[in-house]
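# Structural overview
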Amino acid sequence: MVTEVNDAAIRTEVLIAGGGMTGLTLGLALAQSGLDVIVADSEVAATQLAPTYDGRASAIAYASFRMWEALGLGPALRPHAQRIEKILVTDGRVRGGPSLLSLSFDRKELDAREDGEALGYMLENRHIRAALNAAATETRLRVLAPVAVTGHAPDAGGVTVSLKDGRSVRASLVVGAEGRRSTIRMGAGIRTTGWKYKQTAVVCTVAHEKPHDGIAHEYFLPSGPFAMLPLTDNRCNIVWTEKPAISDALMAMSEVDFLAELRLRFGGHLGAVTMAGPRFAYPLSLQIAERLTAPRAVLIGDAAHGVHPIAGQGLNVGLRDVAALAECIVDSVSVGLEAGDAEGLKRYEKWRRFDSTSMALVMDAFNRIFSNDFAPLRQWRGRGMAAVDLVPPARRFFMREAAGGSGALPKLLKGEVLGL
Ligand SMILES: Cc1cc2nc3c(=O)[nH]c(=O)nc-3n(C[C@H](O)[C@H](O)[C@H](O)COP(=O)(O)OP(=O)(O)OC[C@H]3O[C@@H](n4cnc5c(N)ncnc54)[C@H](O)[C@@H]3O)c2cc1C
């Protein structure tokens, strides 16, 4: 990794604004394919790797994990990756933990798959970021940090991207990977639709006495989902969704009181529970960009679509953007066109538009249906869950969707490498 902050004019083929998990993955995919790429991030990597930066862990679909392995991240990620063997979904009320079992997804039902891989993996975001940053140092990927991207101006020959420190970068294409407040998206005049959920996710990691056996629990409570997601070393990541007033109180209360509240939902099936890190609060919202591309500019990840975390799909959708965009760019360049070629961008828009928008809307619908205490709706969803639980092909369909292995998969998601 080359960290440049004081150079004068800079030239590259692709400038990626934002070095989060999607931006760095795209940077690696393109650099390993032989393109000249720069990633610019407004924060230094050390800040993003600190334990106080991001307490989340991500449920990584099998296909997303396979892409990271194809990019050489396997050895760095595997020691921290907890296999998800089973997902238990419960519709219930506070107290007693996940006892009213309604729906289960078991990896063993997918054993037709030859490699016996997990449904997916749980990985702490800090480990993903560390692996991506380490891989960046080993490739031709140039990272500029800390420096914010402040704007871009396309023209017939390329795009000029301005940086906050006064420098500019001349590129064929600029990628907006800077999250929900994307400067590139706003500069390109791409509007968004969406709304705030009156929900905040309180996230923390706990250690427990008994093994979780790779079982993820999602427990639907009236104010939102409560998820217990298995991590390595007898730990779970908790995503506890509440109304903002309650989440404020949860963040403010003492550790002893917080644990007492947590146990009411967590139940006693994993024995004694202790805190294994700080608490974090994430206000939730839906945001969908009306387009993914503009002249010489393209959006990926949360810059393109911010979805409800109810089924842990946001990053996975972003990684599907990465795999599709990398393939479109490499295909353009390999036939002598530019990285920012309009036809290549059109192909990306067509490939990703439906999947990303429909995923955002499905997650929104799940949240409306499940974060609700309306009695007729409770009965209806209980019957729906029981019906899916009774029909093995329906369960297998949901598992394959969650593993990210269906649809027209880009090469990287199939574990294949790209090359010019
Ligand atoms: C509680 C919660 C739980 C979740 N759980 C899951 C899960 O289990 N599975 C899953 O798939 N997804 C999950 N998600 C969603 C996932 O975390 C996001 O989709 C993902 O982090 C988005 O990554 P990104 O790289 O697109 O954007 P970001 O993570 O927002 O990264 C943006 C980057 O751009 C940089 N930046 C910002 N502005 C600028 C600028 N102007 N110039 C340069 N750089 C800039 C930032 O410093 C940052 O590094 C969850 C989300 C929440 C809130």
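Residues numbered from 1 in each chain as written. Predicted model: local features only at pLDDT ≥ 70, side-chain atom pairs only at ≥ 80, totals over all residues. Heavy atoms only, no water.

### Topic: the overall build of the chain
Per the secondary structure count, the chain includes 12 helices and 23 strands. Going through the 420 residues of the chain one by one, you find that 54% of them count as buried. Counting only contacts in the chain whose residues sit at least 6 apart along the sequence, the fraction spanning at least 24 positions is 75%. For the chain, the exposed area adds up to about 17400 Å²; of that, 57% sits on carbon and sulfur atoms. (Helix = DSSP H or I, 4+ residues; strand = E, 2+ residues; numbered from the N terminus. Buried < 20%, exposed > 50% of the residue type's maximum accessible area, 1.4 Å probe, protein only. Contact = heavy atoms within 4.5 Å. Areas by Shrake-Rupley, 256 points an atom, 1.4 Å probe, with all protein chains shown as cover.)

### Considerations on the site of the ligand
The environment of the ligand is made up of 31 residues, and the closest members are Asp41, Gln48, Ala59, Asp302 and Leu315. Taken by itself the ligand offers 1000 Å² of open surface, and the protein chains cover 88% of this. Mapped onto the shell around the ligand, the elements with two or more residues apiece are helix H1 (21–32), strand S5 (57–61), strand S15 (192–208) and helix H9 (314–334). When grouped by side-chain class, the residues that make up the shell around the ligand number 12 nonpolar, 14 polar and 5 charged. (Near = heavy atom within 4 Å. Nonpolar A, V, L, I, M, F, W, Y, C, P; charged D, E, K, R; others polar.)

### Comments concerning the pairing of strand S3 (residues 14–17)
Two faces belong to every sheet, and in a regular strand the side chains alternate between them. Side chains Val14 and Ile16 of S3 all project onto a buried face; the interleaved residues Leu15 and Ala17 project onto the opposite face, where all are buried too. Relative to strand S4 (residues 37–40), S3 runs parallel, the two sharing 4 bridges. Opposite alanine 17, over in S4, you have alanine 40 as the bridge partner. Looking at chain direction, S3 and strand S14 (residues 173–176) are connected through 4 bridges and run parallel. Within the sheet, the bridge partner assigned to alanine 17 lies in S14 and is glycine 176. (Pairing = 2+ DSSP bridges.)

### Quick word on the packing of aromatic side chains
Evaluated as defined, the whole model comprises 4 aromatic pairs. Judged by centre distance (6.5 Å) and plane angle (20°), the rings of phenylalanine 280 and tyrosine 282 are stacked. Here phenylalanine 280 matches tyrosine 282 in class, with each residue buried. Each member of the aromatic cluster is reached from another via a ring pair, and the members are Phe226, Trp240 and Phe258. The ring of phenylalanine 258 carries the charged tip of arginine 279 above its face, separated from the ring centre by 4.7 Å. (Phe/Tyr/Trp six-rings, centres within 6.5 Å; stacked < 30°, edge-to-face > 60°. Lys NZ or Arg CZ within 6 Å of the ring centre and 35° of its normal.)

### Section: the packing of H1 against H9
The N-to-C vectors of H1 and H9 enclose an angle of 25°; their axes lie 9 Å apart at closest approach. Comparing their axes, H9 and H1 come out roughly parallel. In terms of crossing hand, the pair formed by H1 and H9 is right-handed. On H9, the residues that touch Met21, Thr22, Thr25, Leu26, Ala29 and Leu30 of H1 are Leu315, Gly318, Leu319, Val322, Leu325, Ala326, Ile329 and Val330. Tallied by class, the residues present in the contact of H1 with H9 amount to 11 nonpolar, 3 polar and no charged. (Axes fitted to C-alpha atoms, helices over the stretch in contact; angles between N-to-C directions. Parallel < 35°, antiparallel > 145°, perpendicular 65-115°, else oblique. Left-handed = near helix turned anticlockwise from the far one by under 90°.)

### Notes on the pattern of salt bridges
Within the structure shown, the criterion is met by 21 salt bridges. One salt bridge connects glutamate 242 with arginine 265, and the closest N-O pair in it is separated by 3.9 Å. Residue glutamate 242 is located in strand S18 (residues 235–242), and its partner arginine 265 is located in helix H8 (residues 255–266); the two are separated by 23 residues in the primary sequence. Note on glutamate 242: relative accessible area 4%, which makes it buried. Across the pair arginine 353 and glutamate 349 runs a salt bridge, and its minimum N-O distance is 4.0 Å. Of the two residues, arginine 353 and glutamate 349 both sit in helix H10 (residues 342–370), 4 residues apart, roughly one turn of that helix. Take glutamate 349: its relative accessible area is 16%, and that puts it in the buried class. Each member of the salt-bridge network shares a partner with another, and the members are Arg320, Asp321, Arg352 and Asp355. (Salt bridge = Lys/Arg side-chain N within 4 Å of Asp/Glu carboxyl O.)

### Some remarks on helix H3 (residues 62–70)
Among the 9 residues of H3, 7 are classified as buried, and the element is accordingly described as predominantly covered. The complete set of buried residues in H3 reads Tyr62, Ala63, Ser64, Phe65, Met67, Trp68 and Ala70. Just past H3, the residue glycine 72 takes up positive phi, approximately 90°.

### Observations concerning the pairing of strand S20 (residues 280–289)
Within S20, 7 of the 10 residues are buried, which leaves it mostly tucked inside the rest of the structure. Pairing analysis gives 9 bridges linking S15 to S20, with the strands arranged antiparallel. Along S20, the bridge assignment pairs alanine 201 with tyrosine 282. Bridging between S20 and strand S23 (residues 305–306) involves 2 bridges; their strand directions are antiparallel. When the sheet's bridge partners are listed, isoleucine 288 is paired in S23 with histidine 305.

Worth remembering: the numbers are spatial, not functional.
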